[in-house]
Amino acid sequence: MTAPYDCVIMANGSFPQTAVPMRRLRQASVVIACDGAIAALDKAGITPTAIVGDLDSLPSCFRKRYADRIHLMEDQEINDLTKAILFARKAGHQEVLILGATGLREDHTLGNLSLLMEHAPLFRRIEMLSDFGLFTPLLQTATLDSEPGMQVSLFALSSSGTISTSGLRWPIRNRQLTAWWQGTLNEATGNRFTVELSPEARVLAYRTLGVPEKKKS
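Below: a short report on this structure. None of the values given here were measured: they were computed from a predicted structure. Within each chain, residues carry numbers counting from 1 in the order of the written sequence. Reporting in this predicted model follows two pLDDT cut-offs: at least 70 for local features of residues, and 80 or more for side-chain atom pairs to be given and counted; totals over whole chains, interfaces and linings ignore these cut-offs and use all residues. Excluding hydrogens and water, the side-chain figures rest on all heavy atoms present in the structure.

### Details of helix H1 (residues 19-27)
Now for step 1: Taken together, the buried positions of H1 are occupied by Pro21, Met22, Arg24 and Leu25. Each buried residue of H1 sits inside an arc of 160° when the element is viewed along its axis, so together they form one side. Of the exposed residues in H1, those oriented more than 90 degrees away from the buried face are Ala19, Arg26 and Gln27.
Now for step 2: Lining the buried residues of H1 we find strand S1 (7-10), strand S2 (31-34), helix H2 (38-43), strand S5 (95-99) and strand S6 (125-129). Burial classes follow relative accessibility: with a 1.4 Å probe on protein chains only, a residue under 20% of its type's maximum area counts as buried, one over 50% as exposed, and anything between as partly exposed. By the criteria applied, helices consist of DSSP H or I runs no shorter than four residues and strands consist of E runs no shorter than two, each listed in order from the N terminus. An arc is given here, and it is the one of the directions from the helix axis to the C-beta atoms. Pairs of residues are marked as contacts when any of their non-hydrogen atoms sit within 4.5 Å.

Here it is in structure tokens:
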């Protein structure tokens, strides 16, 4: 997560509270906001580059203030995060970080994680960051940065294909994951680990922000 992103999308879930996501948000040159996230962005002193959505969650006091950057998309078949992602794609962004897509409601969180995988082919890199960790969709074999003791979970959103890993405490060997829990609660042993995917496999990798403190005995 050290390489810069060319766009940050701010969704209307839990607003970032910790240093890493807030730093990414404040350093972003482009912030595309779902309309429901504007009040929290305004409170944090951040002006969005664009506001995307059907405007049903945009307080009236902001409609005039941000009239020059509102992009109305009324399609009720897709949610505001999807609209923001498609807007970022149309604007030419290829390195996208999504914030505020988790928390508050569990059904929204699960739906947004599914969207992350669905839209991954549209971008060179698209990731989702919370106060606790980073989700990265993998469409092919990849080596990811880590540190010893970092907690890692792998979620196969479908049972197609097989997965192998190296650099994790509990290796996976040419296995088909048929349930979400089967690749979870692993741990990095070094500064990187590799997830090897067969052509049909698609995996959502989760890495915690840092290493949890060891419990006192």
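Next comes the rest of the description.
### Some words on the pattern of salt bridges
Now for step 1: When a carboxyl oxygen of Asp or Glu lies within 4 Å of a side-chain nitrogen of Lys or Arg, that pair is called a salt bridge. Within the structure shown, the criterion is met by nine salt bridges.
Now for step 2: Its salt-bridge partner being Arg65, residue Asp42 comes within 2.6 Å of it at the nearest N-O pair. Taken together, the positions of Asp42 in helix H2 and Arg65 in helix H3 (residues 60-65) put the pair 23 residues apart, joining distant regions of the chain.
Now for step 3: We note a salt bridge from Arg69 to Asp68, for which the minimum N-O separation is 3.1 Å.
Now for step 4: The exposure class of Arg69 is partly exposed, given its relative accessible area of 21%.
Now for step 5: Take Asp68: its relative accessible area is 61%, and that puts it in the exposed class.
Now for step 6: One continuous salt-bridge network, built from bridges that share partners, spans Glu95, Arg124, Arg125, Glu127 and Arg207.

### Side note on the sheet that holds strand S8 (residues 142-145)
Now for step 1: The three strands are arranged S8-S12-S10 in an open sheet whose pairing can be described as antiparallel. Each edge of the open sheet carries a strand with a single partner, namely S8 and strand S10 (163-166). Here the strands of the sheet are splayed against their neighbours by 20° on average, with no regard to which way each runs.
Now for step 2: Taken together, the four bridges between S8 and strand S12 (residues 192-197) define a ladder with antiparallel strand orientation. Counterpart to Leu144 in the pairing with S12 is Phe193. Strand pairing is assigned whenever DSSP detects at least two bridges linking the two strands. Helix axes are fitted only over the stretch in contact, all axes being lines through C-alpha atoms; the angle between N-to-C directions runs from 0 to 180 degrees.

### Quick notes on unusual backbone geometry
Now for step 1: Positioned with a positive phi, Leu104 is a non-glycine residue whose angle comes to about 65°.
Now for step 2: Looking at the secondary structure, you find Leu104 in the loop between S5 and helix H5 (106-119).
Now for step 3: Its identity is not glycine, yet Leu185 carries a phi of approximately 60°, on the positive side.
Now for step 4: With respect to the element layout, Leu185 can be found in the loop between S10 and strand S11 (186-187).

### Quick notes on the pairing of strand S7 (residues 133-138)
Note on strand geometry: in a regular strand, side chains alternate between the two faces of the sheet.
Now for step 1: Counted residue by residue, S7 has six buried out of six residues, so it is predominantly covered.
Now for step 2: Where S7 and strand S13 (residues 203-208) come together, six bridges link them in antiparallel fashion. In the strand pairing of S13, Gly133 is matched with Thr208.

### Re empty space enclosed by the protein
Now for step 1: Only protein atoms enter the 1 Å grid, on which a cavity is a set of points fitting a 1.4 Å probe that cannot get out and a pocket is an open set with protein on both sides within 12 Å along at least 5 of 7 lines, lining residues being those with an atom within 4 Å of a point. Grid points are joined across faces, edges and corners, and a volume is the space filled by probe spheres set on the points. All told, the structure shown has one cavity of 30 Å³ or more when counted by the stated rule.
Now for step 2: Quantified by volume, the largest cavity comes out at close to 40 Å³.
Now for step 3: Along the walls of the largest cavity sit Ala156, Ser158, Ser159, Ser160, Gly161, Ile163, Gln176, Leu177, Ala201 and Arg202, which together make up its complete lining.
Now for step 4: Classifying every residue of the lining of the largest cavity by side-chain character gives four nonpolar, five polar and one charged. Each residue is assigned to one of three groups, with Ala, Val, Leu, Ile, Met, Phe, Trp, Tyr, Cys and Pro labelled nonpolar, Asp, Glu, Lys and Arg labelled charged, and all others, Gly among them, labelled polar.

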